[in-house]
Amino acid sequence: FAPASSISHAHQLTSTTSLLASRQPIMAGNWKMNPATEEDALALSSALTKLLGEETCAIDDSDEMCTEVVIFPPHPFISKVRDAVEEAGITVGAQSIFFEDKGAYTGSVAASMVKSIGCEYVLCGHSERRTLFNDDDMAINKKVKKVLEMGMKPILCIGETKEEYDLKVKNEVCAMQLSKDLVGVTKEQMKDVVIAYEPVWAIGTGLVCGAEEANDTHAFLRTVLANLYDDEVAQATRIQYGGSVTPDSVDGLMAMSEIDGCLVGGASLVAESFGRIINYKKE
Ligand SMILES: O=C[C@H](O)COP(=O)(O)O
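Criteria and thresholds
- Throughout, a residue's number is its position along its own chain's written sequence, starting from 1.
- Predicted model: local features are reported for residues with pLDDT of at least 70 only, side-chain atom pairs are reported and counted for 80 or more only, and whole-chain, interface and lining totals are derived from all residues.
- Side-chain measures here rest on the full set of heavy atoms in the structure, leaving out hydrogens and waters.
- UniProt positions are given in the numbering used here, feature names are shortened, and annotations may be inferred rather than shown by experiment.
- The buried label applies to any residue whose accessible area, calculated with a 1.4 Å probe on protein chains only, is under 20% of its type's maximum; exposed applies above 50%, and partly exposed to all values in between.
- The helix and strand labels rest on DSSP assignments: H or I over at least four residues marks a helix, E over at least two residues marks a strand, and numbering proceeds from the N terminus.
- Strand pairing is defined by DSSP finding a minimum of two bridges between the two strands.
- What a helix is expected to span follows from its residue count: subtract one and scale by 1.5 Å.
- Should any heavy atoms of two residues lie within 4.5 Å, those residues are counted as being in contact.
- By convention in this text, a residue qualifies as near a molecule or strand provided that one of its non-hydrogen atoms is within 4 Å of it.
- Two N or O atoms form a polar contact when they lie within 3.5 Å of each other; inside protein one atom must be a possible hydrogen donor and the other a possible acceptor, and for residues adjacent in sequence the pair counts only when both atoms belong to side chains.
- In these tables, accessible area is a Shrake-Rupley quantity obtained with a 1.4 Å probe, and a residue counts as shielded only by the protein chains included in the view.
- Under the grouping applied here, Gly and all other residues not named as nonpolar or charged are polar, the nonpolar ones being Ala, Val, Leu, Ile, Met, Phe, Trp, Tyr, Cys and Pro and the charged ones Asp, Glu, Lys and Arg.
- Every axis corresponds to a line fitted to the C-alpha atoms, with the helix fit spanning only the stretch in contact, and the corresponding angles, defined between N-to-C directions, vary from 0 to 180 degrees.

The protein has the name Triosephosphate isomerase in an unreviewed UniProt entry, where Nitzschia inconspicua is given as its organism. The protein has a UniProt comment under Sequence similarities (unreviewed entry) that states "Belongs to the triosephosphate isomerase family." Quoted verbatim from the Function (unreviewed entry) field of UniProt, the annotation for the protein is "Catalyzes the interconversion of glyceraldehyde 3-phosphate and dihydroxyacetone phosphate in the glycolytic and gluconeogenic pathways."

Pasting the structure below:
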């Protein structure tokens, strides 16, 4: 494990090999089970469309390094939120899917369903799904593969608990989650996979993992990807940080060389806060 030393915002890789891709910044807002009504969801969507800046992607933007903005509303709101934000260049995603295609799975939502209403991304393996809904690595792996099979992009969330952090097994836990959740995912498919490193102890707690520490963990995750695939995948895969990201912490996080975006919960429910986050200040 070699800690990353650079603190430059090096989304554009400096390798001489043309095989290595650029890592486009990606800012995501996970609304979780909020807000309470469709009316509130549309008000938040509308407010957000007015806060996009020069660096955020416009619809059909040809700039491959514009900041991609994705929001994850609750399933019932996805269609109308998509209608409200797509012209502004914001993409929508689903917070979860079930891995089966169809059938007697009361309460579940298939990948084809969210694909058909315009979702481009799906969160897989969020810690709240792991702990509250018993999503284990085998199920998460099936979901990741189903999302890819359907032509969407998974944001695969991994991260250690407070107990694991205190026991200093963070790297081992993250490496195990990555390797299990990516079983059978090909190198070619990895171009559509985003990883979100979310230390569970930092989610919704106000406890932010320090930017340098998060950066070191991201660098470690790239060594895991290099072992699972190769250096090309390790350097080209986008890795977001998530866990109590706010307007105050975003610039420091995004200044790190290995952090390509943020997965934002609470602060994404306040338009002005998320607006500041997606328009983070570059060095
Ligand atoms: O999906 C988002 C993460 O769980 C982070 O949530 P948070 O920003 O409220 O800590």
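(A) Representation of the pairing of strand β5 (residues 153-158) within the structure. Most of β5 sits inside the fold, with five of its six residues counted as buried. Strand direction decides the pairing type here: β5 and strand β6 (residues 194-197), joined by four bridges, are parallel. The residue of β6 that forms the bridge with C157 is A196.

(B) Quick peek at helix α8 (residues 211-228). Taking 1.5 Å per residue, 18 residues should reach 26 Å; α8 reaches 25 Å between its end C-alpha atoms and fits that length. Among the residues making up α8, those that are buried are A214, N215, T217, H218, A219, F220, L221, R222, V224 and L225. Buried residues in α8 make contact with β5, α7 (170-181), β6, α9 (231-236), β7 (238-242) and α10 (247-254).

(C) Geometry of the site of the ligand. The full set close to the ligand counts 13 residues, and K32, H126, G204, S244 and G266 are the nearest of them. Within the side chain of N30, one N or O atom sits 3.0 Å away from an oxygen atom of the ligand. Within the backbone of S244, an N or O atom sits 2.7 Å from an oxygen atom of the ligand. For the ligand, whose unbound accessible area comes to 300 Å², protein coverage reaches 95%. Looking at the shell around the ligand, its residues break down into four nonpolar, seven polar and two charged.

(D) Spotlight on the sheet that holds strand β4 (residues 121-124). Read around the closed barrel, the eight strands follow the order β1-β2-β3-β4-β5-β6-β7-β8; overall the barrel is parallel. Each neighbouring strand pair of the sheet contributes to a mean axis angle of 25°, computed without reference to strand direction. Bridge count between strand β1 (residues 26-30) and strand β8 (residues 261-264): four bridges; the pairing is parallel. When the bridges of β8 are listed, A28 appears paired with L263. Helix-sheet contacts for α7 involve β5 and β6, and the interaxial angle to β5 is about 150°. This element, α8, spans β5, β6 and β7 of the sheet and lies at about 145° to β7.

(E) Inspection of unusual backbone geometry at higher detail. In this structure, P35 follows N34 across a cis peptide bond, with omega equal to -15°. Non-glycine residue D60 carries a positive phi angle of around 55°. Mapped onto the elements, D60 comes out in the loop between α1 (38-49) and β2 (68-72). Positive phi, close to 60°, is recorded for N134, a residue that is not glycine. Looking at where N134 falls in the secondary structure, it is placed in the loop between α4 (127-132) and α5 (137-149).

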